[in-house]
Amino acid sequence: DDITWFYGNSKWHTEKKIPFQRGLMMSGPSSSGKHWAIRNLALNNAKSLAYIPVTEHTYGVIGPALACAPLNSIIVMDNIAQFFNVIPTHERGVFMRHLETAFNTSANDPRGLLIVALLPAVVPPELEKFLRMPHRFQKKFELSISGVESLTTLISSNLPKLPTSQVDELAKQCGKVGVPENVLTWFFANLSFRDPAPTETEIVSELQQLIQKQKEERAQIDAPIGSRERLYS
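This text gives an overview of the structure that appears in the document. This is a predicted model, so every value here is computed, not measured.

**Some details on the overall build of the protein**
What the protein contains, in helices and strands, is eleven helices and five strands. For the protein, the spread of C-alpha atoms along the principal axes amounts to about 70 × 45 × 25 Å. For the protein, the residues scored as buried account for 41% of the 233 residues in total. Considering only intrachain contacts with a sequence separation of at least 6, the fraction spanning at least 24 residues in the protein is 76%. If you sum the accessible surface of the protein, you get close to 13500 Å²; carbon and sulfur atoms cover 55% of it. Each charge class in the protein was averaged separately, 24 positive and 23 negative side chains, and the resulting centres sit 9 Å apart.

**Observations regarding the environment of Lys-213**
Turning to its location among the elements, Lys-213 is positioned in helix H11 (residues 200-221). Lys-213 sits 91 residues away from Val-122 along the chain, and the two C-alpha atoms are 20 Å apart.

**Some details on the sheet that holds strand S4 (residues 113-119)**
As a general point, the strands of a sheet are linked pairwise by backbone hydrogen bonds and lie either parallel or antiparallel. Strand order in the open sheet formed by five strands is S2-S3-S4-S1-S5, with parallel pairing between adjacent strands. Of all strands in the sheet, those with a lone pairing partner are strand S2 (48-53) and strand S5 (139-142), marking the two edges. Across the sheet, the axes of successive neighbouring strands diverge by a mean angle of 25°, strand direction being ignored. Pairing of strand S3 (residues 73-78) with S4 involves five bridges; the strand directions are parallel. Looking at the pairing, Asp-78 lines up with Leu-118 of S4. Sheet strands in contact with helix H3 (residues 34-44) are strand S1 (21-27), S2, S3 and S4, and its direction is about 165° off that of S4.

**Focus on unusual backbone geometry**
Cis peptide bonds are those with omega within 30 degrees of zero, and the linkage from Asp-195 to Pro-196 qualifies with 5°. Not every positive phi belongs to a glycine, and Asn-72 is a case in point at roughly 60°. Along the polypeptide, Asn-72 turns up in the loop between helix H4 (62-67) and S3. Not every positive phi belongs to a glycine, and Asn-79 is a case in point at roughly 70°. One can find Asn-79 in the loop between S3 and helix H5 (80-85).

Criteria and cut-off values
- Sequence positions are assigned chain by chain, starting from 1 and proceeding in written order.
- Residue-level local features of this predicted model are given only where pLDDT is at least 70; pairs of side-chain atoms are given and counted only at 80 or more, and the full residue set underlies all totals for whole chains, interfaces and linings.
- By convention in this description, side-chain values take in all heavy atoms of the structure and omit both hydrogens and water.
- Strands here mean DSSP runs of E at least two residues long; helices mean DSSP runs of H or I at least four residues long; both are numbered from the N terminus.
- Relative accessibility thresholds used throughout: buried, under 20% of the residue-type maximum; exposed, over 50%; partly exposed, between the two (1.4 Å probe, protein chains only).
- The contact definition used throughout considers only heavy atoms, calling two residues in contact when any of these lie within 4.5 Å.
- To measure how exposed things are, a 1.4 Å probe is used in the Shrake-Rupley method; for residues, cover is taken only from the protein chains shown.
- Counting rule applied: Lys, Arg positive; Asp, Glu negative; His and chain ends not counted.
- Working definition for charges: the position is that of NZ of Lys, CZ of Arg, CG of Asp or CD of Glu.
- Two strands form a pair only when DSSP identifies at least two bridges running between them.
- Axis angles are defined between N-to-C directions and span 0 to 180 degrees, where every axis is a line fitted to C-alpha atoms and, for a helix, only to the segment in contact.

This is how it looks when you write it as C-alpha cells:
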C-alpha cells in the first residue's frame, strides 16, 4: 500500500518541493521473506531490480551505483547492517560519513526512485538512527517468520485440552524466538508415531525444548560475523 501510494503521488512530492523519491527499510530474521517481498513488489509495479550488496569490495561505489541505477527500477541495498557490524567501532563514523555522501548523490527517476534497505531483525542503533533520518528512509517494515495468531491456532488444535492462557503463552514464546509454522506442524506430526502416545504434559515439555533449540539456532544463524582488525584504509 505504501509503495502504491508513492508511485501514484508524484504531484504531492512536487508540491512539497522534495524529490520524487522514497526509502523503505525492511527488517526481519533470515528466511522471513524479505527478498520474496521485494520481487513481488517489482512484479506488481512492473519494475526491474537494481541489487546493491554492501560488502568490503562494493562499499566504495555505492554512490555511483545509486546514480547509475536503471530507470524504472527498485534499488535494493542488502547486507548494510551485517557489513556495519564488522567495522571496528572507531571506523564506523568514517563509514557513515561515506554513506552520507553516497545518499546525497544526485539520482532521479521521473517515475519515482524507490530505495529499499534489507536488514536483519536486529540493527545496530547508531546505524538505524542514521538510516531513519527523514531524507533517507521514511518507513520501516518488520517481517516475522510466523504470526502468533497462526501459531496459537496450531497449538490449540493439537492440544485442545490445554488452557487458553497456556496456549497463548506457548504461541508467544514460539513467535518471539521465530519458530516457523511448518516446524511446529512437523513437531506435532512426529508425535503421532510415538508409542505409547505422549501425555499432554510431556508434549508441552518437549515443545518448550523445541523453543529453546530454535532460540539457540536463530542466535547462531543471525549472529554478526566476527570482527576484523581493519576492513579498509
